[in-house]
Amino acid sequence: MIRELMKLAGRPGLVSLGGGMPSVESFPTRAVEEACIRALRTSSSTALQYGTTEGLPMLREHIARRLATRGWAVDPTRVLITSGSQQGLDLVGKVLLEYGARVAVEAPTYLGALQAFAPYEALSTAVPCDGDGPLPGELPDDPGLRALYLIPNFQNPTGRCIPEARRATLAAAASGLALPLIEDDPYGDLWFDEAPPPPLASYWPEGTVYLGSLSKVLAPGLRLGFLVAPPSLYPLLVQAKQAADLHSSTFVQTVVLEMLRADMLEEHLQAVRARYRQGRDAMESALREHLSGHASWSTPAGGMFFWVQAHTGVDTARLLPAAVERGVSFVPGSAFHCAPGGEDSLRLSFVTETAERIEQGVATLAGLLRSASPN
Ligand SMILES: Cc1ncc(COP(=O)(O)O)c(C=O)c1O
């Protein structure tokens, strides 16, 4: 479905509320151009050469310093540069999962993670959640359970942010069960009012693999992310990475390092946050105007998505072809569940389109949802 949506998103005229595509206006094109020139002029011998699997040491140091500002002191030698956090998911799957093992996930969760774990033939099992995230008392005490996969900040797809107290109890519960945590955090920098609490990994660093991404803060086409792993798992993850692709592009790593050295990130992030906040506000008022009484949602304090639950009892997957026909895309809720569920929900992205087109897309969708009768 993601693949098909990516194709649709490129269709001229389609209002793309589906794929989580960062706004093209947010791309730091000039900074990338200048960093490319600096990388080639000053570091072409390393930028165009094979590199170490772990990644450029100075880039790893920058990442560790940045995580320290988020309330987590990280040893740079525990940072592994990856080709997007999607590769991080694949690597943890390779190292932690196997046929018949179980991995606990939120319901709903990022469908790309379900896809990444699927080839290792583990079974994804949903942990009961409330509005604050997974319920620590509900973590299964199951010897076959190999990991708990969580997206604590502005979750994809619900937009939910796990509060500090719940992070502490979740980390304590996982540690009590010796259940490794996979913390996926591509949206933590995209907050609108205040920064989220420190990562879960800061509560239990010995048991957590933290995955980060530069896709949402710089540009997804760079395909650069990273993971931070405890000493027990780091060497295994490095071996898995080496076997997969030797290392992430040294050229892209050098370009990103040049950008970070030029100290452009904070200012850039402020602009991205302001833009996405406008998109969030536009979508919220469009939802209120067109869907009040027909659906419910909660307003995300960051990230890229609204999670909308229709009251009509309609299966939103069945509405998608008609929506695309009328020029708007979304992702049906069932795609984010590891078992049947979420059929009455849909995920809407507020970062790809302008405020006017968000309003237009929501109005079209609302018309479809309101007229759909339960089957
Ligand atoms: C929760 C989550 N994890 C991982 C990814 C993959 O990100 P990347 O572009 O870094 O591979 C995404 C992308 O949308 C995501 O939403």
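Residues numbered from 1 in each chain as written. Predicted model: local features only at pLDDT ≥ 70, side-chain atom pairs only at ≥ 80, totals over all residues. Heavy atoms only, no water.

**Here we look at the domain arrangement of the protein**
The figure often quoted for interface size is the accessible area lost as the parts come together.
Item 1. As far as domains go, the protein holds domain 1 (2–27 + 267–369) and domain 2 (46–261).
Item 2. On a C-alpha basis, the centroid separation for the pair domain 1 and domain 2 is 25 Å.
Item 3. Taken together, the two surfaces of domain 1 and domain 2 that pack against each other cover about 2400 Å², and 67% of this comes from carbon and sulfur.
Item 4. Remark: the boundary between domain 1 and domain 2 carries 1 salt bridge.
Item 5. Linking Arg277 and Asp193 is a salt bridge whose minimum nitrogen-to-oxygen distance equals 2.3 Å.
Item 6. Our enumeration of links across domain 1 and domain 2 arrives at 8 residue pairs in polar contact (both at pLDDT 80 or more).
Item 7. Looking at the side of domain 1 that touches domain 2, the elements that each hand over two or more residues are helix H9 (265–291) and strand E12 (305–310).
Item 8. By residue number, the principal contributor to the side of domain 1 that touches domain 2 is H9, which donates 7 residues.
Item 9. Grouping the constituent residues of the side of domain 1 that touches domain 2 by class yields 16 nonpolar, 5 polar and 4 charged. (Domains from an automatic or database assignment. Buried area = accessible area lost by both parts, 1.4 Å probe. Salt bridge = Lys/Arg side-chain N within 4 Å of Asp/Glu carboxyl O. Polar contact = N/O pair within 3.5 Å; in protein donor to acceptor, adjacent residues only side chain to side chain. Helix = DSSP H or I, 4+ residues; strand = E, 2+ residues; numbered from the N terminus. Nonpolar A, V, L, I, M, F, W, Y, C, P; charged D, E, K, R; others polar.)

**Regarding unusual backbone geometry**
Item 1. Here the residue pair Ala107 and Pro108 is connected by a cis peptide bond, since its omega of 5 degrees sits within 30 degrees of zero.
Item 2. Its place among the elements puts Pro108 in the loop between strand E3 (102–106) and helix H5 (111–117).
Item 3. The peptide bond linking Asn156 to Pro157 adopts the cis configuration, its omega dihedral lying at 20 degrees.
Item 4. With respect to the helices, strands and loops of the structure, Pro157 is situated in the loop between strand E7 (145–150) and helix H6 (164–176).
Item 5. One non-glycine residue with positive phi stands out, namely Leu246, at about 65 degrees.
Item 6. Note that Leu246 resides in the loop between helix H7 (234–245) and helix H8 (250–261).
Item 7. The exposure class of Leu246 is partly exposed, given its relative accessible area of 41%. (Buried < 20%, exposed > 50% of the residue type's maximum accessible area, 1.4 Å probe, protein only.)

**A few points about the packing of helix H2 (residues 29–47) against H8**
A packed helix pair is summarised by two numbers, namely the angle formed by the two axes and the spacing between the axes.
Item 1. For the pair H2 and H8, interaxial distance at closest approach is 8 Å and the crossing angle is 120 degrees. Viewed along their axes, H2 and H8 adopt a mutual orientation that is oblique. For the crossing formed where H2 meets H8, the hand is right-handed. Counted together, Ala31, Val32, Ala35, Cys36, Arg38, Ala39, Leu40, Thr42, Ser43, Thr46 and Ala47 of H2 and Thr250, Phe251, Thr254, Val255, Glu258 and Met259 of H8 form the full contact between these two elements.
Item 2. Here the residues of the contact of H2 with H8 are counted per class, giving 10 nonpolar, 5 polar and 2 charged. (Axes fitted to C-alpha atoms, helices over the stretch in contact; angles between N-to-C directions. Parallel < 35°, antiparallel > 145°, perpendicular 65-115°, else oblique. Left-handed = near helix turned anticlockwise from the far one by under 90°. Contact = heavy atoms within 4.5 Å.)

**Observations regarding the side chain of Glu183**
Item 1. Here Glu183 shows up in strand E8 (residues 181–184).
Item 2. Arg167 provides the closest opposite charge to the buried, salt-bridge-free Glu183, at an N-O distance of 4.6 Å.
Item 3. Setting aside residues no more than four positions away along its own chain, Glu183 makes contact with Leu150, Pro152, Pro199, Leu200, Ala201, Thr208, Val209, Tyr210 and Leu211. (Lys, Arg positive; Asp, Glu negative; His and termini not counted.)

**Quick notes on H6**
Three- or four-residue spacings in an α-helix give side chains the same orientation, since the helix completes a turn every 3.6 residues.
Item 1. The terminal C-alpha atoms of H6 lie 18 Å apart, and with 13 residues this matches the ideal 18 Å at 1.5 Å per residue to within 8%.
Item 2. Here H6 has its buried residues at Arg166, Arg167, Leu170, Ala171 and Ala174. Taken around the axis of H6, the buried residues stretch over an arc of 130 degrees, which confines them to a single face. Facing away from the buried side of H6, by more than 90 degrees, are the exposed residues Ala165 and Gly176. (Expected span 1.5 Å × (residues − 1). Arc of directions from axis to C-beta.)

**Structural notes on the site of the ligand**
Item 1. As a matter of local geometry, the ligand sits amid 14 residues, with Ser85, Asp184, Tyr187, Ser213 and Ser215 nearest to it.
Item 2. Ser213 places a side-chain nitrogen or oxygen 2.6 Å from an oxygen atom of the ligand.
Item 3. Relative to its free-state accessible area of 400 Å², the ligand is covered by the protein chains to the extent of 92%.
Item 4. Sorting elements by how many residues they give to the shell around the ligand places helix H4 (residues 84–96) first, with 3 residues.
Item 5. Of the residues belonging to the shell around the ligand, the class tally is 5 nonpolar, 6 polar and 3 charged. (Near = heavy atom within 4 Å. Areas by Shrake-Rupley, 256 points an atom, 1.4 Å probe, with all protein chains shown as cover.)

**Comments concerning the pattern of salt bridges**
Item 1. Across all of its chains, the model carries 16 salt bridges by this definition.
Item 2. Across the pair Glu258 and Arg38 runs a salt bridge, and its minimum N-O distance is 3.0 Å. Taken together, the residues span a long stretch of sequence, with Glu258 in helix H8 and Arg38 in helix H2 at a distance of 220 residues.
Item 3. On the basis of relative accessible area, Glu258 is assigned to the buried category, the value being 8%.
Item 4. Through salt bridges with shared partners, a single network forms among Arg66, Asp189, Glu266 and Arg273.

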